[in-house]
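Listed below are the residues making up each chain.
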Amino acid sequence: METRHLTTSDRKIFDEFNGVILDALKNKEWFIPFDKDDPVLEEGHDYFIGYFDGDKLAAISALIFDEHFLGELREITGLGGKKIAEVGGSMVLPEYRGQNLMLQLNRKLVSYARDKGYEYLVATVHPDNVASRTSAETLGFKLHSRFMRKGRFLRNLYVMKL
């Protein structure tokens, strides 16, 4: 498998991948879906990386830089004025689960953030999503609190000082 940065030219494969993931989820509350209008792959917006098995996108994860998403997390964590990013958008196709792909991608993202001078990373995970919780905790994220993301999605909030 090959890892690479996703760009705007990957938008169609990203949207198809997102749809497959949402259809396969047993608990739809585990993932806050991306809207087709979200500028998720635009230059300077977020940093998505993916594992490709040939031409097939098998897993993705991202560093989210957008203050629209980070503002709520800054307020809860008290990290106003700090250089932070969110590790999020982590998804793995069902047939590739159990291979630690999410953990491997997120390790790369932590390293990338550290190299870019970020001070903290945050991650939000549905409390019942054992795979995502385990990935965050294995990477060294510490549970900060539990809250309602966007006022309607129950999440554990994790913080990592880089």
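Above this text sits the structure in question.
Reading guide: rules and limits
Residues numbered from 1 in each chain as written. Predicted model: local features only at pLDDT ≥ 70, side-chain atom pairs only at ≥ 80, totals over all residues. Heavy atoms only, no water. Helix = DSSP H or I, 4+ residues; strand = E, 2+ residues; numbered from the N terminus. Contact = heavy atoms within 4.5 Å. Pairing = 2+ DSSP bridges. Axes fitted to C-alpha atoms, helices over the stretch in contact; angles between N-to-C directions. Parallel < 35°, antiparallel > 145°, perpendicular 65-115°, else oblique. Left-handed = near helix turned anticlockwise from the far one by under 90°. Nonpolar A, V, L, I, M, F, W, Y, C, P; charged D, E, K, R; others polar. Core = buried A, V, L, I, M, F, W, Y, C linked by side-chain atoms within 4.5 Å. Buried < 20%, exposed > 50% of the residue type's maximum accessible area, 1.4 Å probe, protein only.

(A) Seen up close, the environment of Tyr47. Counting through the fold element by element, Tyr47 comes out in strand β2 (residues 46–53). Through-space distance from the C-alpha of Tyr47 to that of Glu86 is 10 Å; in sequence the pair is 39 residues apart. Beyond its immediate sequence surroundings of up to four residues, Tyr47 is in contact with His5, Ser61, Ala62, Leu63, Phe65, Leu109 and Tyr112.

(B) Highlighting the environment of Glu16. As for its position among the elements, Glu16 is in helix α1 (residues 11–24). Linking Glu16 and Phe65, residues 49 residues apart in sequence, is a C-alpha distance of 23 Å.

(C) Examining the sheet that holds strand β3 (residues 56–64) more closely. Read from one edge to the other, the open sheet built from 7 strands follows the order β1-β2-β3-β4-β5-β7-β6, with strand pairing classed as mixed. Only two strands of the sheet have a single partner each, and these edge strands are β1 (2–5) and β6 (142–149). Between one strand axis and the next, the sheet turns through 25 degrees on average, direction left out of account. Pairing between β2 and β3: 8 bridges, direction antiparallel. Each bridged residue has a counterpart across the sheet, and for Gly50 the counterpart in β3 is Ile60.

(D) Representation of the packing of helix α3 (residues 101–115) against helix α4 (residues 130–139) within the structure. With their axes 10 Å apart at the nearest point, α3 and α4 run at an angle of 40 degrees to one another. When the interaxial angle is binned, α3 and α4 end up oblique. Here α3 runs over α4; the crossing is right-handed. Contacts between α3 and α4 involve Met102, Leu103, Asn106 and Arg107 from the first element and Ser132, Ser135, Thr138 and Leu139 from the second. Within the contact of α3 with α4, the residues separate by chemical class into 3 nonpolar, 4 polar and 1 charged.

(E) Focus on the nonpolar core. Within the largest apolar cluster, 43 residues are counted, with the highest numbers of intra-cluster contacts made by Leu6, Phe14, Phe48, Ile60, Leu63, Leu121 and Phe141. For this core, the elements supplying multiple residues, two or more each, are α1, β2, β3, β4 (84–92), α3, β5 (120–125), α4 and β7 (153–161). With near-sequence residues (within four places) excluded, Leu121 lies in contact with Leu63, Ala85, Val87, Val110, Ala113, Phe141, Tyr158, Val159, Met160 and Leu162. If you look at the next biggest cluster of nonpolar residues, it comprises 9 residues, including Leu79, Tyr120, Phe147 and Val159.

(F) Examining the pairing of β6 more closely. Relative to β7, β6 runs antiparallel, the two being bridged by 7 bridges. Paired with Ser145 across the two strands is Leu157, which belongs to β7. Taking the residues that link successive antiparallel strands as the turn, the β6-β7 hairpin has 3 residues, and the phi of Lys150 there is positive, at about 55 degrees.

(G) Main features of unusual backbone geometry. Even without glycine at this site, Asn100 takes up a positive phi of about 60 degrees. Mapped onto the elements of the fold, Asn100 is located in the loop between β4 and α3. Positive phi outside glycine occurs at Lys150, with the angle close to 55 degrees. Structurally, the position occupied by Lys150 is in the loop between β6 and β7. The exposure class assigned to Lys150 is partly exposed, which follows from its relative accessible area of 39%.

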